[in-house]
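# Reading the structure
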Amino acid sequence: MSSTFRNWTALAMTASLTVTAQSALADNEVVIVIEAEPTSMDPHNTTDSNSATVQNPMFEGLLRFNESMDIVNVLAEDFVYSDDATEITFTLRSGIEFHDGEYFDADVVKQNLDFVRDSDNGLARSSFFSFIDEVIVEDDYTVTIRAEEPNSAMASYMAHSSAAMKSPAVITRKAEDSDYNMDREGAVGTGPYQFVEWRDGVEVSVEPFAGYWDADNAAKVDRIVFRPVQEASTRVNMLQTGEADLVFPIPTLNASQLEGNADVDLYTGPTTDVFYIGLNLEQDKYNDLRVRQAMNHAIDKDALIAQVLDGYGTIADSAIAPNVYGYAEQDIYEYDLSEAQALLADSDQADGFSATLWTRNNTEFVSVAEFVAIQLGELGIDVSVEAFEAGTLFDMLDAGEGTDMYIGRWSPGTGEADYGLRPNFASDRVPPNFNNSGFYRNETVDQLLDSALANPNPEEALDTYAEVQTIIYDDAPWVFLHIPDAIVAKNPNLHGVFVLPSGNVHVSQVELR
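The text that follows walks through the structure, step by step, so that each part is easy to find. Small disclaimer: the values here were computed from a predicted structure and weren't measured. (Residues numbered from 1 in each chain as written. Predicted model: local features only at pLDDT ≥ 70, side-chain atom pairs only at ≥ 80, totals over all residues. Heavy atoms only, no water.)

Glancing now at the overall build of the protein chain. A count of helical and extended segments in the protein chain gives 17 helices and 22 strands. Relative to its length of 513 residues, the protein chain is compact, with a C-alpha radius of gyration of 24 Å against a globular reference of 24 Å. The dimensions of the protein chain, computed from C-alpha atoms along their principal axes, are 70 × 55 × 45 Å. Scored against the burial criterion, the 513 residues of the protein chain give a buried share of 56%. Considering only contacts within the protein chain whose residues lie at least 6 apart along the sequence, 71% involve residues at least 24 apart. Carbon and sulfur atoms make up 43% of the accessible area of the protein chain, which amounts to about 20300 Å² in all. In the protein chain, 27 positive and 87 negative side-chain charges are present, and the distance between their average locations comes to 4 Å. (Helix = DSSP H or I, 4+ residues; strand = E, 2+ residues; numbered from the N terminus. Rg over C-alpha atoms; globule rule 2.2 N^0.38 Å. Buried < 20%, exposed > 50% of the residue type's maximum accessible area, 1.4 Å probe, protein only. Contact = heavy atoms within 4.5 Å. Areas by Shrake-Rupley, 256 points an atom, 1.4 Å probe, with all protein chains shown as cover. Lys, Arg positive; Asp, Glu negative; His and termini not counted. Charge placed at Lys NZ, Arg CZ, Asp CG, Glu CD.)

Structure, rendered in structure tokens:
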């Protein structure tokens with residue numbers, strides 16, 4: 001199995017092209033096959049990585065993450081925090097043009113951020129920017145973001161794909177006409193490619209923007225086409241026949257079938273996703289730490305990864321994944337059924353108990369849930385699996401009523417520890433309408449999270465986040481499961497693509513050669 005994930009250019013294999021792929025190369029068009037249509041062309045109204053990937057060639061933010069999850073400058077030349085970490089000031093690049101001829105400056109930054117965080121505008125990412133108290137235009141190319149409280153993670157938030165800048169004309173039009181559909185018509189950014197067409201159920205296409213500001217990173221192909229294909233086997237077949245140049249996601253079963261195929265570059269690597277079993281700690285049966293520890297020891301994570309994920313994953317040894325900035329490795333709960341049984345026998349649930357396990361109704365989640373149910377059954381916990389459509393499940397968890405156990409998956413889009421930990425473990429993030437669906441409360445964790453976020457000293461903050469992770473892992477409010485691999489397949493002649501551990505695929509520098 002390949003362990004390479006990001007540097008496709010350096011390791012691309014040489015292979016002969018099919019007739020169809022040769023034709024695509026001659027036309028200098030790249031076809032990317034994805035599992036579903038984008039939900040929106042507006043980065044401020046997007047919460048899924050599929051849509052973010054389609055938007056990537058068209059939009060840019062002040063900052064972005066590179067393939068190593070390091071923050072790099074894009075529309076900003078530089079940034080600096082205030083000593084107390086309540087402000088971050090950006091020095092902006094000048095002379096940058098949007099696809100509609102509008103120009104980028106500090107006023108545009110303020111207009112974008114003020115509009116997205118105004119809840120009256122109904123954008124999905126409004127709460128993501130709720131840390132902002134005020135956006136201050138210092139001069140034409142200097143802008144300061146002031147937080148409501150000290151926040152040393154502001155740069156990570158501004159590197160997220162949802163912090164992309166839209167043309168001020170688009171925002172003004174929406175403000176003046178509530179019927180204007182930014183999701184369909186608002187794809188006007190500063191990226192190397194500009195929007196051409198969205199044909200429902202067929203494709204989204206983009207073409208080079210002649211006025212792009214960065215000559216070294218200008219568009220390298222004449223057209224990129226994104227085609228939604230729901231059936232995974234069809235996506236794989238399209239790659240093998242040359243109808244597609246890049247395909248994602250690839251289910252693990254299909255990935256194992258592609259291993260060793262010289263006509264396909266298959267790359268895998270750990271994501272920033274953590275799969276876990278959430279436990280509602282307001283239920284008495286989970287109050288005893290020994291019960292939660294027993295459940296962690298009762299799950300054979302190696303077998304789970306081998307049997308359910310076909311080997312494409314690693315054991316979760318913290319509440320956040322190794323690719324997240326601030327991650328600190330913990331001593332895992334080794335699979336030991338005897339130890340698990342002894343812990344349960346010494347607990348206040350010595351006779352075992354019954355539990356209901358909620359899960360999303362897709363194959364990946366249901367398979368994990370059924371595996372967990374069988375393993376916990378051997379411990380003496382009788383688990384009933386109930387599967388729901390994802391949106392329905394999220395609504396149930398947000399309401400916080402009737403929750404018992406649930407299969408969760410969490411990935412911090414900011415790539416840093418605070419957004420990986422705070423939404424799931426801070427006492428003020430319990431339902432309704434917040435992510436701490438297990439009602440975990442720990443005053444020490446709360447204080448340490450606040451301390452780390454307010455600390456402008458990176459080394460000290462990292463030490464604090466490491467302490468938080470140790471407390472949480474020892475407390476076992478989750479049954480920690482695994483980190484799945486991202487799996488993407490491409491034509492060996494396709495270069496310039498990288499995949500972030502968060503799942504976003506960056507194709508703005510794609511080329512065929």
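Of all six residues making up strand β7 (residues 142–147), five are buried, and the element is well covered by its neighbours. Pairing of strand β6 (residues 132–139) with β7, which is carried by six bridges, proceeds in the antiparallel orientation. Looking at β7, one finds that E134 is bridged to R146. (Pairing = 2+ DSSP bridges.)

As a further point, take the pattern of salt bridges. Note that side chains of opposite charge can pair when their charged atoms are close. A full pass over the atoms with the stated rule returns 18 salt bridges. The partner of R117 in a salt bridge is D114, with the nearest N and O atoms 3.1 Å apart. Here the residue R117 and the residue D114 both occupy positions in helix α4 (residues 106–117), the gap between them amounting to three residues, near one helical turn. On the basis of relative accessible area, R117 is assigned to the partly exposed category, the value being 25%. Among the ionic pairs, R184 bridges to D200, the shortest N-O distance being 2.8 Å. Of this pair, R184 sits in helix α7 (residues 182–185) while D200 sits in the loop between β8 (193–199) and β9 (203–208); the two residues are 16 residues apart in sequence, bridging distant segments of the chain. A residue is classified by how much of its surface remains accessible, and R184, at 30% relative accessible area, is partly exposed. (Salt bridge = Lys/Arg side-chain N within 4 Å of Asp/Glu carboxyl O.)

Among the structural elements, F104 can be located in the loop between β5 (87–92) and α4. Through-space distance from the C-alpha of F104 to that of M165 is 8.7 Å; in sequence the pair is 61 residues apart. Those residues in contact with F104, other than ones at most four positions away along the chain, are L62, L75, L92, R93, I96, F98, V109, Y141 and M165.

Here we take up the sheet that holds β5. Sheet architecture is open: four strands sit in the order β4-β5-β7-β6, paired in antiparallel fashion. In this open sheet, the two strands that pair with only one neighbour each are β4 (76–81) and β6. For this sheet, the mean angle separating the axes of adjacent strands, direction not counted, is 20°. Running at roughly 165° to β6, α4 makes contact with β5, β6 and β7 of the sheet. (Axes fitted to C-alpha atoms, helices over the stretch in contact; angles between N-to-C directions.)

Bringing helix α15 (residues 417–425) into the picture now. α15 sits mainly inside the fold: nine of its nine residues count as buried. For α15, the secondary structure elements touched by its buried residues are α5 (154–158), β13 (274–279), β17 (405–410), α16 (443–454), α17 (458–475) and β18 (478–490). The N-capping residue of α15, defined by a side-chain oxygen 2.9 Å from the backbone nitrogen of D418, is E416. (Polar contact = N/O pair within 3.5 Å; in protein donor to acceptor, adjacent residues only side chain to side chain.)

As a further point, take the pairing of strand β10 (residues 223–228). Across the six residues of β10, five count as buried, placing the element largely inside the fold. Of the strand pairs in this sheet, β9 and β10 are connected by three bridges, and their pairing is antiparallel. Bridge pairing in β10 links V204 to F226.

On to the environment of E97. With respect to the secondary-structure elements, E97 resides in the loop between β5 and α4. Sequence separation of E97 and I145 is 48 residues, and the distance between their C-alpha atoms is 22 Å. Sequence-distant contacts of E97, that is, excluding residues within four places in its chain, are made with E102, Y103, T190, F209 and G211.

Before going further, it helps to examine the packing of aromatic side chains. Enumeration over the complete set of coordinates arrives at 20 aromatic pairs. One residue, R184, lies across the ring of W198, its end atom 3.8 Å from the ring centre. (Phe/Tyr/Trp six-rings, centres within 6.5 Å; stacked < 30°, edge-to-face > 60°. Lys NZ or Arg CZ within 6 Å of the ring centre and 35° of its normal.)

Their axes nearest at 9 Å, the elements α16 and α17 cross at an angle of 160°. When the axis of α16 is compared with that of α17, the two are roughly antiparallel. Read as a crossing pair, α16 and α17 show a hand that is left-handed. Across from T444, V445, L448, L449, A452 and L453 in α16, the residues of α17 making contact are A461, T464, Y465, E467, V468, I471 and I472. For the contact of α16 with α17, the class distribution of residues is ten nonpolar, two polar and one charged. (Parallel < 35°, antiparallel > 145°, perpendicular 65-115°, else oblique. Left-handed = near helix turned anticlockwise from the far one by under 90°. Nonpolar A, V, L, I, M, F, W, Y, C, P; charged D, E, K, R; others polar.)

Right, let's talk about a negative patch on the surface for a bit. Residues D302, E329, D331, E334, D336, E339 and D474 make up a contiguous surface patch of negative charge. Examined against the element boundaries, E339 turns out to sit in helix α12 (residues 337–345). Residue classification places E339 among the partly exposed residues on the basis of a relative accessible area of 35%. (Patch = residues over 30% accessible without salt bridge, like charges linked within 9 Å, V, L, I, M, F, W, Y side chains within 5 Å.)

Relative orientation of the contacting elements helix α10 (residues 289–298) and α12 amounts to 165°, with a least axis distance of 8 Å. As far as their axial angle goes, α12 and α10 are roughly antiparallel. When the axes of α10 and α12 are compared, the crossing they make is left-handed. Contacts from R290, V291, Q293, A294, H297 and A298 of α10 reach α12 at L337, E339, A340, L343 and L344.

For the rest of this paragraph, the subject is the side chain of N112. Counting through the fold element by element, N112 comes out in helix α4. If sequence neighbours within four positions are ignored, N112 has contacts with H44, A164, M165, K166 and I171.

Omega for the bond connecting F248 with P249 falls within 30 degrees of zero, at -10°, which places this linkage in the cis form. Here P431 and P432 are connected by a cis peptide whose omega angle stands at 10°. For M69, which is not glycine, the phi torsion reads 65° and is therefore positive. With respect to the helices and strands, the residue M69 is situated in the loop between β2 (63–65) and β3 (71–73).

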